[in-house]
Amino acid sequence: MSEPIDRFTRIRWLFKNDFEKIRQQRVLICGVGGVGGFALDALYRVGIGQITIIDKDVFDVTNQNRQIGSERIGESKVLVLQDLYKGIQALNLHIDEAFLNSFNFRDYDYILDCMDDLPIKTSLAIKCQNFSYGKFISSMGSAKRLNPKHIQVGSVWESYGDKFGRKFRDFLKKRRFKGDFKVVFSPEVPHCIELGSFNAVTASFGLQIASEVVQDIIK
């Protein structure tokens, strides 16, 4: 019988039997802006079987330099992305302490933190502290940078050269967090004071996160 020709044909060529492992995974993406949106794109295209996205924001005009779906100004990010990526689950919800305390994160194999709210990032890390290393991945600061070649992956306690990451560790220490998890970060020297951003970097953060998930699945 001839091989089916569909949107996963080239994925099957690359991953062979591991493709079925990829299809069985469940991924939750918290925050679908310049980083999370591209993590979603890569994981959707590689064939992750169940993807859930959570975000309460709507697109505004300043998102158009880096975010997928941002042409639809004023619309819910997750609902626009659900329209673009058929079959994903969209939760148009504000991620706050009440949500974190009521949500069952164990329903997912991978939790991706692509948010920039430090207190909530900290609480999410605490909720996921019993996940094995590599199952919870957090994005550090991707703004103010120009060169994706500086992007690195490592322990939250070993990342460096990133003011956002340093503040994040301070929040974790104040909450007496003793665990460890994987982060994507860049030690590149900032090129501006404001939160300027370049999608070659922010997208690369999201794509690297997606790659970390896929590599962990097939290892």
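So, here's what we can say about the structure. Positions within a chain are numbered from 1, following the residues in the order the chain's sequence is written. Selection of residues for local features in this predicted model requires a pLDDT of at least 70, selection of side-chain atom pairs for listing and counting requires 80 or more, and totals for whole chains, interfaces and linings are taken over all residues. No hydrogens and no water enter the side-chain calculation; it runs on all heavy atoms of the structure.

### A closer look at the packing of helix 6 (residues 118-127) against helix 7 (residues 163-174)
A packed helix pair is summarised by two numbers, namely the angle formed by the two axes and the spacing between the axes. Here an axis means a line fitted to C-alpha atoms, over the contact stretch when the element is a helix, while the angle between two N-to-C directions is reported on a 0 to 180 degree scale. Segments assigned H or I by DSSP are reported as helices when at least four residues long, segments assigned E as strands when at least two residues long, and all are numbered from the N terminus. With their axes 9 Å apart at the nearest point, helix 6 and helix 7 run at an angle of 55° to one another. One way to sum up the angle between helix 6 and helix 7 is to call them oblique. In terms of crossing hand, the pair formed by helix 6 and helix 7 is right-handed. Residue-level inspection shows Leu118, Pro119, Lys121, Thr122 and Ala125 of helix 6 in contact with helix 7, the latter providing Phe164, Lys167, Phe168, Phe171 and Leu172. Looking at the contact of helix 6 with helix 7, its residues break down into 7 nonpolar, 1 polar and 2 charged. Roughly parallel means an angle under 35 degrees; roughly antiparallel, over 145; roughly perpendicular, 65 to 115; everything else is oblique. Helix crossings fall into two classes, left-handed where the near helix is turned counterclockwise from the far one by less than a right angle and right-handed where it is turned clockwise. Here a residue-residue contact requires only that any non-hydrogen atoms of the pair lie within 4.5 Å. When residue character is reported, Ala, Val, Leu, Ile, Met, Phe, Trp, Tyr, Cys and Pro are called nonpolar, Asp, Glu, Lys and Arg charged, and the others, Gly included, polar.

### Re empty space enclosed by the protein
Here a cavity denotes a set of grid points, spaced 1 Å apart and computed over the protein atoms alone, in which a 1.4 Å probe fits but from which it cannot get out, and a pocket denotes an open set meeting protein on both sides within 12 Å along at least five of seven lines; residues with an atom within 4 Å of a point are reported as lining. Grid points are joined across faces, edges and corners, and a volume is the space filled by probe spheres set on the points. Following the criterion strictly, the structure yields 1 cavity of 30 Å³ or more and no others. Empty space within the largest cavity amounts to approximately 30 Å³. Taken together, Ala125, Cys128, Gln129, Phe131, Phe136, Phe177, Asp180 and Phe181 make up the lining of the largest cavity. Taken together, the residues of the lining of the largest cavity sort by class into 6 nonpolar, 1 polar and 1 charged.

### Section: unusual backbone geometry
Of note, the phi angle at lysine 16 is positive, near 50°, even though the residue is not glycine. Despite not being glycine, lysine 144 has its phi angle at roughly 70°, a positive value. Mapped onto the elements, lysine 144 comes out in the loop between strand 5 (136-139) and strand 6 (152-155). Each residue's exposure class comes from its accessible area (1.4 Å probe, protein chains only) as a fraction of the maximum for that residue type: buried when under 20%, exposed when over 50%, partly exposed otherwise. Taking the relative accessible area as the measure of exposure, lysine 144 reaches 24% and is therefore partly exposed.

### Looking at the environment of isoleucine 151
Residue placement: isoleucine 151 occurs in the loop between strand 5 and strand 6. Excluding residues within four positions of it along the chain, isoleucine 151 makes contact with Val184, Phe185, Ser186, Val201, Ser204, Phe205 and Gln208.

### Focus: the pairing of strand 7 (residues 182-185)
The side-chain alternation of strand 7 yields two buried faces, one formed by Lys182 and Val184 and the other by Val183 and Phe185. One ladder, built from 3 bridges, connects strand 5 with strand 7; its direction is parallel. Bridging across to strand 7, serine 139 finds its partner in valine 184. For two strands to be treated as a pair, DSSP must find at least two bridges joining them. Two strands pair when backbone bridges link them, and strand 6 and strand 7 are joined in this way by 4 bridges, in the antiparallel orientation. Paired with serine 155 across the bridge in strand 7 is lysine 182.

### Some remarks on the packing of helix 3 (residues 36-46) against helix 8 (residues 199-218)
Running from amino to carboxyl end, helix 3 crosses helix 8 at an angle of 40°, the nearest separation of the two axes being 7 Å. Between helix 3 and helix 8, the angle is such that the two are oblique. The chirality of how helix 3 crosses helix 8 is right-handed. Contact residues: Phe38, Ala39, Ala42, Leu43 and Val46 in helix 3; Ala203, Gly206, Leu207, Ala210, Val213 and Val214 in helix 8. Counted by class, the contact of helix 3 with helix 8 contains 10 nonpolar, 1 polar and no charged residues.

### Quick word on the nonpolar core
By size, the foremost hydrophobic cluster in this structure holds 37 residues, and its most contacted members are Ile29, Leu43, Ile51, Ile53 and Leu112. Of all the secondary-structure elements, those providing two or more residues to this core are helix 1 (9-15), helix 2 (18-23), strand 1 (26-30), helix 3, strand 2 (50-54), helix 4 (77-84), strand 4 (110-113) and helix 8. Among the nonpolar cores identified, the runner-up in size contains 28 residues, and Leu28, Phe105, Met115 and Cys128 belong to it. As used in this record, nonpolar core signifies buried Ala, Val, Leu, Ile, Met, Phe, Trp, Tyr and Cys residues forming a set joined through side-chain atoms within 4.5 Å.

### Details of the state of the cysteines
The term disulfide is used for any two cysteine sulfur atoms that are within 2.5 Å. Across all of its chains, the model carries 0 disulfides by this definition. The thiol of cysteine 114 is unpaired, and the distance to the nearest cysteine sulfur, on cysteine 30, comes to 8.0 Å. Since its relative accessible area comes to 12%, cysteine 114 is described here as buried.

### Comments concerning the environment of serine 139
Within the element layout of this structure, serine 139 appears in strand 5. Residues serine 139 and valine 153, 14 residues apart in the sequence, show an inter-C-alpha distance of 9.6 Å. Discounting residues that sit within four places of it in the chain, serine 139 has contacts with Val35, Asp113, Cys114, Met115, Lys121, Phe164, Val184, Phe205 and Ile209.

Treat this as a map of the structure, not an account of what it does.
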